[in-house]
Amino acid sequence: MAEESIEHSLQRKIGILTGGGDCPGLNAVIRGAVHRLIRHYQIRPVGIEDAFNGLMESPTRLKVLNLGNVSGILSMGGTILGTTNHGDPFGFPVQQKDGTIQLTDLSEKLKKNFDLSGLEGLICIGGDGTLSIAERLSREHQIPMVGVPKTIDNDVSQTDWTFGHHTAVQTATNCIDMLHSTAEAHDRIMVVEVMGRDAGHIAVAAGLAGGADVILIPEIPFQWEPVVQKIKRRKQYGRHFSIVVVAEGAKTQDGSSITQTLSPEQQAGRKVKLGGIGQWVAEKLSAATEMETRVTVLGHLQRGGSPTAFDRMLATAFGAKAADLAANGDWGRMVALKTPQVVSVPLLESIRTPRPVEPSSAWIQAARSVGISFGDAPTIVA
Ligand code: F6P
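For clarity, every value in this text was computed on a predicted model and none was experimentally measured.

### Focus on the overall build of the protein
Counting its regular elements, the protein contains 13 helices and 15 strands. Taken over C-alpha atoms, the radius of gyration comes to 23 Å for the protein, in line with the 21 Å a tight globule of 382 residues would show. Along the three orthogonal principal directions, the C-alpha set of the protein runs to about 75 × 55 × 30 Å. Considering the protein as a whole, with its 382 residues, one finds that 52% of them fall into the buried category. Counting every atom, the protein has about 16,000 Å² of accessible surface; 52% of that belongs to carbon and sulfur. Counting 37 positive and 39 negative side-chain charges, the protein places the averaged centre of each group 2 Å from the other.

If you want it as structure tokens, here you go:
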């Protein structure tokens, strides 16, 4: 059958949405799922705009997807469907007449709209937050769900990798590479704050790949003494600069995180916003070493840009696998990479526990073996 006639004859419909913070590779997943649904199953893919919001509003915001409108999106960052991290249907921020924001349960309304839409189920592309919402909607409202693990943070369990992480690490590594020359030229400590929420995967990977001297992550509590000692030893060996990579979720000595203050409107329905630990670390190190210190917060640069080849591959494979699960009615599952296979795991399992950095992992060992300090023990090698 010609491609045009396949598209005209599609009866069954499956929804696709992207939720939470964006990351490189979302469009590649959408494209992978759309191609598979249309070409292999003759199912009509329907995009839902701005995460679950497109199904909660009246009228709903649904967008028919076809081979034409996913053409050319493989290499694009962002998401053609839009996304939000303020869109929990069980606690949706609704502005009241007096201007205040109240978290309101709109899940019943979403369920009604879903039933009216004629969709068989939803492919939800998201991180732990979106996947938890998807699981709750399937449990409490019987909306059939398939999950696709997305996040630059790489903190979703049951999968070797989430897509988007590889690109974020590459971007952070490129930035660290660039900071090296200016750090060396000025004999400075350069503190680089990277994202990752409560996990240090980006910091470990980018720090290792970028040749950092110190990496500070939430999973390994650090003390000042080993960090300062590492920097001073480098000076003794004639290296008058140091690169310190800090995960945004790294904890201060009293075990707390540093967060940003948001307005009530910005805060409504979202997790705390981490950020600021880099500045705090820089001030402490500057005082302890008497070296000039500068901070670079990489921020949303890590979420932007074109996905790396690996993320495009992973995202395409995830999209196709999600389409297979949905088309075959294999609901309540999340696609996952168990290298070298793309498999499916129970959605519930994947959201039960996050995936922190394992302190005995090969990456941490490799970092330690080249003298990188995690601030947890005196450094012997400069
Ligand atoms: O989860 C992805 C992520 O980029 C985290 O690394 C970061 O803490 C958070 O999202 C930032 O969220 P926002 O885009 O709302 O500032």
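### Section: the environment of L67
Examined against the element boundaries, L67 turns out to sit in the loop between β3 (62–64) and β4 (92–95). Classification of L67 by relative accessible area gives buried; the value is 11%. In this structure, the C-alpha to C-alpha distance between L67 and P45, residues 22 residues apart in sequence, is 9.9 Å.

### Some points on the pattern of salt bridges
Within this structure, the stated rule accounts for 15 salt bridges. With its nearest N and O atoms 2.7 Å apart, the salt bridge here joins D324 to R36. With D324 in helix α11 (residues 309–327) and R36 in helix α2 (residues 26–41), the pair connects residues that are 288 residues apart, well separated along the chain. In this structure, E57 engages R61 in a salt bridge whose closest nitrogen and oxygen atoms are separated by 2.8 Å. Overall, the relative accessible area of 29% leaves E57 in the partly exposed class. Overall, R61 belongs to the partly exposed group, its relative accessible area being 24%. What emerges from the salt-bridge pattern is a single network uniting E49, D50, E57 and R61.

### Points about the nonpolar core
Nonpolar side chains in soluble globular proteins generally cluster together in the buried interior. With 64 residues, the main nonpolar core has I16, I123 and F163 as its most contacted residues. For this core, the element with the most residues is α2, which contributes nine residues. Split by domain, the residues of this core number at least three in each of domain 1 (3–159 + 307–339) and domain 2 (165–303 + 358–369). By size, the runner-up hydrophobic cluster in this structure holds 25 residues, among which are L119, L137, I143 and V345.

### Observations concerning the domain arrangement of the protein
When the domains of the protein are assigned, the result is domain 1 (3–159 + 307–339) and domain 2 (165–303 + 358–369). Placing the centre of domain 1 and that of domain 2 at their C-alpha centroids yields a distance of 33 Å. The interface is formed by 20 residues belonging to domain 1 together with 19 residues belonging to domain 2. The contact between domain 1 and domain 2 buries some 1,700 Å² in all, and 55% of this surface belongs to carbon and sulfur atoms. Among the residues of domain 1 in contact with domain 2, H86, I152 and D153 are the three that bury the most area, contributing 33% of the side total. In this structure, the connection of domain 1 to domain 2 is made through one salt bridge. Measuring nitrogen to oxygen at the nearest pair gives 2.9 Å for the salt bridge that ties R303 to D22. Here domain 1 is connected to domain 2 by seven residue pairs in polar contact (both at pLDDT 80 or more). When residues of the side of domain 1 that touches domain 2 are traced back to their parent elements, those giving at least two are β5 (101–104) and α11.

### Observations concerning the pairing of strand β8 (residues 189–194)
Across the six residues that make up β8, a large majority, six, are buried. Taking every second residue as pointing to the same face, both faces of β8 are buried, with I189, V191 and E193 on one and M190, V192 and V194 on the other. The pairing of β8 with strand β10 (residues 242–247) spans six bridges and is classified as parallel. Following the sheet pairing, V192 is matched in β10 by V245.

Criteria and thresholds
Residues numbered from 1 in each chain as written. Predicted model: local features only at pLDDT ≥ 70, side-chain atom pairs only at ≥ 80, totals over all residues. Heavy atoms only, no water. Helix = DSSP H or I, 4+ residues; strand = E, 2+ residues; numbered from the N terminus. Rg over C-alpha atoms; globule rule 2.2 N^0.38 Å. Buried < 20%, exposed > 50% of the residue type's maximum accessible area, 1.4 Å probe, protein only. Areas by Shrake-Rupley, 256 points an atom, 1.4 Å probe, with all protein chains shown as cover. Lys, Arg positive; Asp, Glu negative; His and termini not counted. Charge placed at Lys NZ, Arg CZ, Asp CG, Glu CD. Salt bridge = Lys/Arg side-chain N within 4 Å of Asp/Glu carboxyl O. Core = buried A, V, L, I, M, F, W, Y, C linked by side-chain atoms within 4.5 Å. Domains from an automatic or database assignment. Contact = heavy atoms within 4.5 Å. Buried area = accessible area lost by both parts, 1.4 Å probe. Polar contact = N/O pair within 3.5 Å; in protein donor to acceptor, adjacent residues only side chain to side chain. Pairing = 2+ DSSP bridges.

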